[in-house]
Amino acid sequence: MTRIIFLGTGGGRFSTITQKRATGGIFIEDGKSIHVDPGPGALVHLCNKGLDPSRLDAVLVSHCHPDHYNDAEILVEAMTWGGTKKRGVLAGSVSVLEGLNGYSPAVSKYHQEKAGEVHALVPGDNISIRSMKVTATPAIHSDPTTIGFKIHTSSGVISYTSDTILDESVVEAHTGSRVLIMSVTRPLDSPIPGHLTSGDALDFVNVAKPELAIFTHFGMKFVDGVAEKEALLVERHTGVRTVPAVDGMEVFLGRKIDIKTFQ
Ligand SMILES: [Zn+2]
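Residues numbered from 1 in each chain as written. Predicted model: local features only at pLDDT ≥ 70, side-chain atom pairs only at ≥ 80, totals over all residues. Heavy atoms only, no water.

This part covers the overall build of the protein. Of regular secondary structure, the protein possesses nine helices and 16 strands. What you see for the protein is a C-alpha radius of gyration of 17 Å, in line with the 18 Å of a compact globule of 263 residues. When the backbone C-alpha atoms are referred to their principal axes, the protein occupies close to 50 × 40 × 35 Å. Every one of the 263 residues in the protein was classed for burial, and the buried ones make up 59%. Sequence-distant contacts, at least 24 apart, represent 61% of the contacts inside the protein between residues at least 6 apart. Carbon together with sulfur atoms contributes 52% to the accessible area of the protein, which is approximately 10,600 Å² in total. Counting 25 positive and 29 negative side-chain charges, the protein places the centres of these two groups 6 Å from one another. (Helix = DSSP H or I, 4+ residues; strand = E, 2+ residues; numbered from the N terminus. Rg over C-alpha atoms; globule rule 2.2 N^0.38 Å. Buried < 20%, exposed > 50% of the residue type's maximum accessible area, 1.4 Å probe, protein only. Contact = heavy atoms within 4.5 Å. Areas by Shrake-Rupley, 256 points an atom, 1.4 Å probe, with all protein chains shown as cover. Lys, Arg positive; Asp, Glu negative; His and termini not counted. Charge placed at Lys NZ, Arg CZ, Asp CG, Glu CD.)

Take a look at the structure:
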């Protein structure tokens with residue numbers, strides 16, 4: 001059984017600043033524990049869920065915007081038992097680990113040296129987290145080194161687009177995944193550069209055809225019931241089960257997929 005926990009479902013500057021939705025990223029448990037995109041509050045929400053951050057095996061960071069990287073250093077401290085044991089995998093975009101065009105590295109050299117392994121990834125790269133394969137996927141965003149992830153769990157592939165626009169290369173990279181987690185920041189009628197709208201998500205899901213599509217990373221215009229309506233629209237047009245994530249939501253992947261919300 002594989003479990004996905006949404007420690008936050010907000011994204012973009014104002015959703016993050018106001019914490020209209022939490023921004024703790026995504027936690028995946030499959031015999032090992034992975035934290036994907038630990039934005040502000042990741043550590044707090046992990047602890048509030050009763051999860052032990054010192055048991056993390058990997059921290060993955062898709063790009064150098066704070067709604068995705070903010071708590072990465074403190075999670076590396078947790079993963080390395082306060083910096084006393086060199087363990088775990090830290091992987092992310094080139095901007096996150098090496099810095100690029102004014103983006104400092106989002107994780108200091110001090111913290112990078114604490115991790116067991118550090119990987120700056122470009123699309124197509126593969127790494128192994130205690131024998132579980134993770135593939136970096138392309139993304140087209142204002143941070144030009146942004147990547148998404150395909151996580152090959154024992155219950156099938158979980159795909160995470162990160163922030164991107166709709167592009168053939170992105171859709172192709174995520175086709176064939178069992179669960180497709182998409183950063184859908186805006187509703188149909190309100191596009192913003194560098195992000196997906198729910199209209200883009202419809203076209204994406206229509207081609208990628210996952211078993212389950214999940215919207216997350218909601219901006220201010222996409223909360224208060226709008227995401228629910230538009231996810232339903234995607235589901236009706238594509239025939240693919242499509243769910244808007246809510247803070248704290250858990251997805252259990254076994255032979256079938258169960259979803260639990262706590263609101
Ligand atoms: Zn971004």
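Next up on the list: the coordination of the zinc ion. Only His63 (NE2), His65 (ND1), His141 (NE2) and Asp163 (OD) from the protein reach the zinc ion as donors, at distances of 2.2 to 2.4 Å. Metal-centred angles of 89 to 175° between the four donor atoms at the zinc ion mark the site as irregular. Read from N- to C-terminus, the donor residues coordinating the zinc ion fall into the pattern H-x1-H-x75-H-x21-D. With a gap of 76 residues between them, histidine 65 in the loop between β4 (58-61) and α3 (66-69) and histidine 141 in the loop between β8 (132-138) and β9 (147-153) connect regions that are remote in the sequence. By the burial criterion, histidine 65 is buried, and histidine 141 matches it. (Donors = N, O, S within 2.8 Å, 3.2 Å for Na, K, Ca; no water. Tetrahedral: all angles 85-135°; square planar, octahedral: opposite > 155°, others 65-115°.)

Quick look at the packing of aromatic side chains now. All chains considered together, the criterion is met by zero aromatic pairs. The positively charged end of lysine 49 is found above the aromatic ring belonging to phenylalanine 262, 4.1 Å away from the centroid. (Phe/Tyr/Trp six-rings, centres within 6.5 Å; stacked < 30°, edge-to-face > 60°. Lys NZ or Arg CZ within 6 Å of the ring centre and 35° of its normal.)

Another point: the nonpolar core. In this structure, Ile4 and Leu60 are the most contacted members of the largest nonpolar core, which totals 32 residues. Not counting residues up to four positions away in its chain, the partners in contact with leucine 60 are Ile34, His35, Val36, Asp37, Pro38, Ala91, Ile127, Ile129, Val134, Phe149 and Ile151. (Core = buried A, V, L, I, M, F, W, Y, C linked by side-chain atoms within 4.5 Å.)

A separate point is helix α8 (residues 198-208). Turning to α8, its buried residues number three or more, namely Ser198, Gly199, Ala201, Leu202, Phe204, Val205 and Ala208. Residues of α8 that are buried make contact with α7 (168-174), β11 (179-186), β12 (196-197), β13 (212-216) and α9 (226-238). The N-cap residue of α8 is threonine 197: its side-chain oxygen and the backbone nitrogen of glycine 199 are 3.2 Å apart. Lysine 209, located one to two residues past α8, shows a positive phi value of around 45°. (Polar contact = N/O pair within 3.5 Å; in protein donor to acceptor, adjacent residues only side chain to side chain.)

If a strand is regular, its side chains alternate between the two faces of the sheet. Covered by surrounding structure in strand β3 (residues 33-36) are Ser33 and His35 together with Ile34 and Val36, the residues of both alternating faces. Connecting strand β2 (residues 23-29) to the next strand, β3, in antiparallel fashion are three residues, including glycine 31 with a positive phi near 80°. Here β3 pairs with β4 via three bridges, running parallel. Following the sheet pairing, isoleucine 34 is matched in β4 by alanine 58. Assessed by its sense of winding, the connection that carries the chain from β3 through helix α2 (residues 42-48) to β4 is right-handed. (Pairing = 2+ DSSP bridges. Right-handed = clockwise from strand over helix to strand, strands pointing away.)

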